[in-house]
Amino acid sequence: MNKMTVKDLKDLKGKRVLVRCDFNVPMKDGVITDENRIIGALPTIKYLMEQGAKITLCSHMGKPHSIFSDEVKLNKKDKKKVDAGETTAEAIIEKAKKDEPKKLTLAPVAKRLNELLGNKVAFATDVVGADAQAKVAACKEGECVLLENLRFHWEEEKKDLEFCKKLASYCDVYVNDAFGTAHRSHASTAAIVEYGLVNTAACGFLIEKELSVMADSLERPVHPFVAILGGAKVADKLNVISNLLEKCDTLIIGGGMAYTFIKAQGGSIGTSLVDDEKIDYCKEMIAKAKAAGKELLLPVDTVVAKSFPDPIDAPIDVTTVASCEIPADSMGLDIGEQTRKLFADKVKSAKTVIWNGPMGVFENPVLAKGTIAVAQALADAQGATTIVGGGDSAAACAQLGFADKITHISTGGGASLELFEGKVLPGIACLNEKN
Ligand code: AMP
């Protein structure tokens, strides 16, 4: 990677630095349930504090309405409801204004940061309002201000120029360390730099680490290189499949995605998840693998049930059948035992492994065995570089206590998938090149 990092920034003492972090952590009843992203941001924040910078931290949290903006914008879901006459725009915003400052505030993150950073973080209750401006102005060297949720302004996602200018007025130097949001081109992730509002833009240590492990492994993998993809839909991962087939030796496909491939090969898949529009695409990928001498591995046996569990973690009766012979009244919900062994054996002989997406409906303990088996295989693959590309697979590894047995667990599901696609992420492309 040839982008400037915080280490390349000189004379930080007294400089005002705006750091875009990804503090979009899962929360339940105001309690943070996984603080991986907060921990991931600490090296950059601590380094800037040690250098005597005056630091403004900013992040989004969830998908709120633009409750801090004068102009109200509704999301697609809301618009549908309004158009159907189920509710009014006013009612939606009134409810959002009541609930979201409590549900989607970054205040719990500020509290946790203060515990981790010795009470050096002031929390601003707005983003570009009077409180934020006063707190940023009062920030001392080696201290931080955390702004409230950026997405309380629609201007964040729409890259509004005036909003970018206000954010830029907080800083002399901009640092992006929000890997989880680096694939988004928003005001605070890219536009503030693209509009020429900051002269110096570097990445933080988290982005540097994520890129060095993932981009390097994709560009210069030690072979054999095994890529494992799972999750629900083929359509979400079209370019990922195609790009990985060019780079890896073996591409393993599990999860709901596998059934479209199995149908493309002429198998019977019962009522399993399928995307009929992508059958030709799957045939193309099977041919591409064959022509390039790559191995494309699909499940050989499948755990099936008569219907999808409802609720998702409800008790469920299952049996295992051959993946290409799923009875007409059954749906595939996890990979079977033989497949678990087949996939784990492939991982055992690999030198580079990347994984994204669950092998089954892992939210249900009966249907989590395939996902657990893959996580276990990566944890056991000592001597190989093992990379988990965020999202559900990262959560599974963390829950199973495998985190320190895996080379790298990404903090960004969507961002790492775009790296696997071979895309350049806007939040990284905009940063200054190293001198
Ligand atoms: P994604 O967001 O594409 O990574 O998909 C994750 C979701 O895929 C999880 O919620 C899983 O429950 C779901 N999933 C995995 N395997 C299957 C399957 N065989 N049938 C239906 N859903 C599945």
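Next up on the list: the environment of Ile 409. Within the secondary structure layout, Ile 409 lies in strand β19 (residues 408–409). Here the alpha-carbon distance between Ile 409 and Met 359, two residues 50 residues apart in the chain, equals 17 Å. When neighbours within four sequence positions are excluded, Ile 409 is seen to be in contact with Val 388, Ala 394, Cys 397 and Ala 403.

In terms of nonpolar packing, the biggest core is built from 71 residues, with Leu 147, Leu 167, Ile 241, Leu 244, Leu 251, Ile 253 and Phe 261 touching the most fellow members. Counting residues in hydrophobic clusters, the runner-up holds 37 residues, among them Val 17, Leu 57, Val 121 and Phe 152.

Here we come to the site of the ligand. Taken together, 16 residues are adjacent to the ligand, and Ala 232, Gly 256, Gly 332, Gly 360 and Glu 363 come closest. The separation between a nitrogen atom of the ligand and a polar main-chain atom of Gly 256 is 3.2 Å. Taking Gly 332, its main chain carries an N or O atom lying 3.0 Å from a nitrogen atom of the ligand. Burial of the ligand by the protein amounts to 79% of the accessible area it has alone, namely 510 Å². More than half of the atoms of the ligand fall within 2 Å of the grid points belonging to the second largest pocket.

Turning our attention to the packing of helix α7 (residues 161–168) against helix α8 (residues 187–194). Where α7 meets α8, the closest approach of the two axes is 9 Å, and the angle between their N-to-C directions is 90°. With respect to each other, α7 and α8 are oriented roughly perpendicular. Mapping the contact onto sequence places Phe 163, Cys 164, Leu 167 and Ala 168 in α7 and Ala 187, Ser 188, Ala 191 and Ile 192 in α8. Tallied by class, the residues present in the contact of α7 with α8 amount to seven nonpolar, one polar and no charged.

So, about the pattern of salt bridges. The tally for this structure, following the rule as stated, stands at 25 salt bridges. The salt bridge partner of Lys 111 is Glu 115, with a shortest N-O separation of 3.8 Å. One end of the pair is Lys 111 and the other is Glu 115, both in helix α4 (residues 107–116) and four residues apart, which spans about a single turn. The exposure class assigned to Glu 115 is partly exposed, which follows from its relative accessible area of 48%. Two residues, Glu 246 and Lys 288, come together in a salt bridge whose shortest N-O distance is 2.6 Å. Residue Glu 246 is located in helix α10 (residues 238–247), and its partner Lys 288 is located in helix α12 (residues 279–292); the two are separated by 42 residues in the primary sequence. Salt bridges sharing partners connect three or more residues here, namely Glu 35, Lys 111, Arg 112 and Glu 115.

Here is what the cut-offs are and how they apply
Residues numbered from 1 in each chain as written. Predicted model: local features only at pLDDT ≥ 70, side-chain atom pairs only at ≥ 80, totals over all residues. Heavy atoms only, no water. Helix = DSSP H or I, 4+ residues; strand = E, 2+ residues; numbered from the N terminus. Contact = heavy atoms within 4.5 Å. Core = buried A, V, L, I, M, F, W, Y, C linked by side-chain atoms within 4.5 Å. Buried < 20%, exposed > 50% of the residue type's maximum accessible area, 1.4 Å probe, protein only. Near = heavy atom within 4 Å. Polar contact = N/O pair within 3.5 Å; in protein donor to acceptor, adjacent residues only side chain to side chain. Areas by Shrake-Rupley, 256 points an atom, 1.4 Å probe, with all protein chains shown as cover. 1 Å grid on protein atoms, 1.4 Å probe; cavity = no way out; pocket = protein on both sides within 12 Å on 5 of 7 lines; lining within 4 Å. Sits in = over half its atoms within 2 Å of the grid points. Axes fitted to C-alpha atoms, helices over the stretch in contact; angles between N-to-C directions. Parallel < 35°, antiparallel > 145°, perpendicular 65-115°, else oblique. Nonpolar A, V, L, I, M, F, W, Y, C, P; charged D, E, K, R; others polar. Salt bridge = Lys/Arg side-chain N within 4 Å of Asp/Glu carboxyl O.

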